[in-house]
Amino acid sequence: MIDRQKLGSSWHPVALSSEISGSVPLARQCRGREYVLFRDRKGVARALEDRCAHRRAPLSMGQINDAGQIQCPYHGWTFEGDSGRCVAIPNLGKNEAVPGDYRVEKYPLVEKWGLAFLWVDAGKEADENLLPKLDFKAGKQGSEGEALLTLPWRAFVDTLLDAPSLVLAEKGMSIIDDHLLGEPFREDGWFVVERAATWSRRGGKRKLVPADYPLVFRTRLDSFTGIACLELVDEGNRLLFSVVIASVPVTGTVTAAYWRVARQYRSEPALDGKLADKCRSIELAVSDKVDARRLLQVHPYVSGYWRGDINVYSIEQASARKGKAS
Ligand code: FES
């Protein structure tokens, strides 16, 4: 039996790294609060409360100056990103200094795997070690995206485990949701489940038999943050494709998901031309359309196991029941 999980860290994904710039401020909401993200002159991503210390105008409507500080659009107060301190007030007299306690709240922001994570727990020190260890480099060939789903966050994470194809848009390959390859297991802090996958076929659907499943689709979930790493592996155990997905509840019924894709098939040893072509055709993204009717039919085999609600024996029983029914 697996212990019941305590899911939810204070690191929340808020943006793709590529969205944060040193020229245009980015407004983001997270857990009911508003933030402004930008890069300082050194290119470090910064997060401040999106409310000016003067009269509460949104700093995200302002501009970033040459020194990499953010200037309020209303009366021009200027704040630095690493401390949140106000460093300039345009209408101060020559001999007046900016009072040292004029500032806005600053928040720790880290970038990992091409995604930006905000620390929102004011009561605790930001700890990067709470993010999972993951060897993931998207490189120049990677793609990325973000989606808003009308689905509670916990249901989104559970569905990634139970029926990933319901919340993913696949191209070039198909995930066989109900064909698990053995029991879920734990590895290096990840909860892992493997299922069959196959290349997409031209010429419509046909009945598949297990011999048609040349690929393994692996879902790795970090129990603490809900960050998922999805991997596609071929029959030679070569990692072909992987996606990191980080998600956060926006409201009780809406989830924001950010993802970044790495195409490992380009790394050594190089794949033969036909396989490389197939890999090139693969796309995997979080879908912003979820089929609610299909979702209601999903059996929580894997998420129940992950949460400790059911054990492997009941997974096997449920699979056997499903087999008899079909
Ligand atoms: S409200 Fe920002 S400077 Fe006045």
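Residues numbered from 1 in each chain as written. Predicted model: local features only at pLDDT ≥ 70, side-chain atom pairs only at ≥ 80, totals over all residues.

> Would you mind going over the confidence of the model for the protein in detail, with residue names and values included?
Looking at the protein, the pLDDT average stands at 86 and 85% of residues meet or exceed 70. Taken as a whole, residues 1-6 scores under 50 in pLDDT and shows 11 contacts with residues more than four places along the chain or in a different chain. (pLDDT = per-residue confidence, 0-100. Contact = placed C-beta atoms within 7 Å.)

> I'd like to hear about helix 1 (residues 153-162), residue by residue, with values.
Summarising burial for helix 1: eight of the 10 residues are buried, a large majority. Those residues of helix 1 lying buried are W153, F156, V157, D158, T159, L160, L161 and D162. (Buried ≥ 20, exposed ≤ 12 C-beta atoms within 10 Å, placed from the backbone. Helix = DSSP H or I, 4+ residues; strand = E, 2+ residues; numbered from the N terminus.)

> How would you summarise the environment of A169 if you had to cite specific residues and measurements?
Within the secondary structure, A169 sits in strand 13 (residues 168-171). Between the C-alpha atoms of A169 and A285, which are 116 residues apart in sequence, the distance is 5.2 Å. Not counting residues up to four positions away in its chain, the partners in contact with A169 are A285 and S287.

> Tell me about the pairing of strand 2 (residues 26-30), and please be specific about residues and values.
Bridge count for strand 2 against strand 3 (residues 33-39) is five bridges, and the pairing is antiparallel. Each residue of the ladder has a partner; that of L26, found in strand 3, is L37. Joining the antiparallel neighbours strand 2 and strand 3 is a turn of two residues, in which R31 adopts a positive phi near 50 degrees. (Pairing = 2+ DSSP bridges.)

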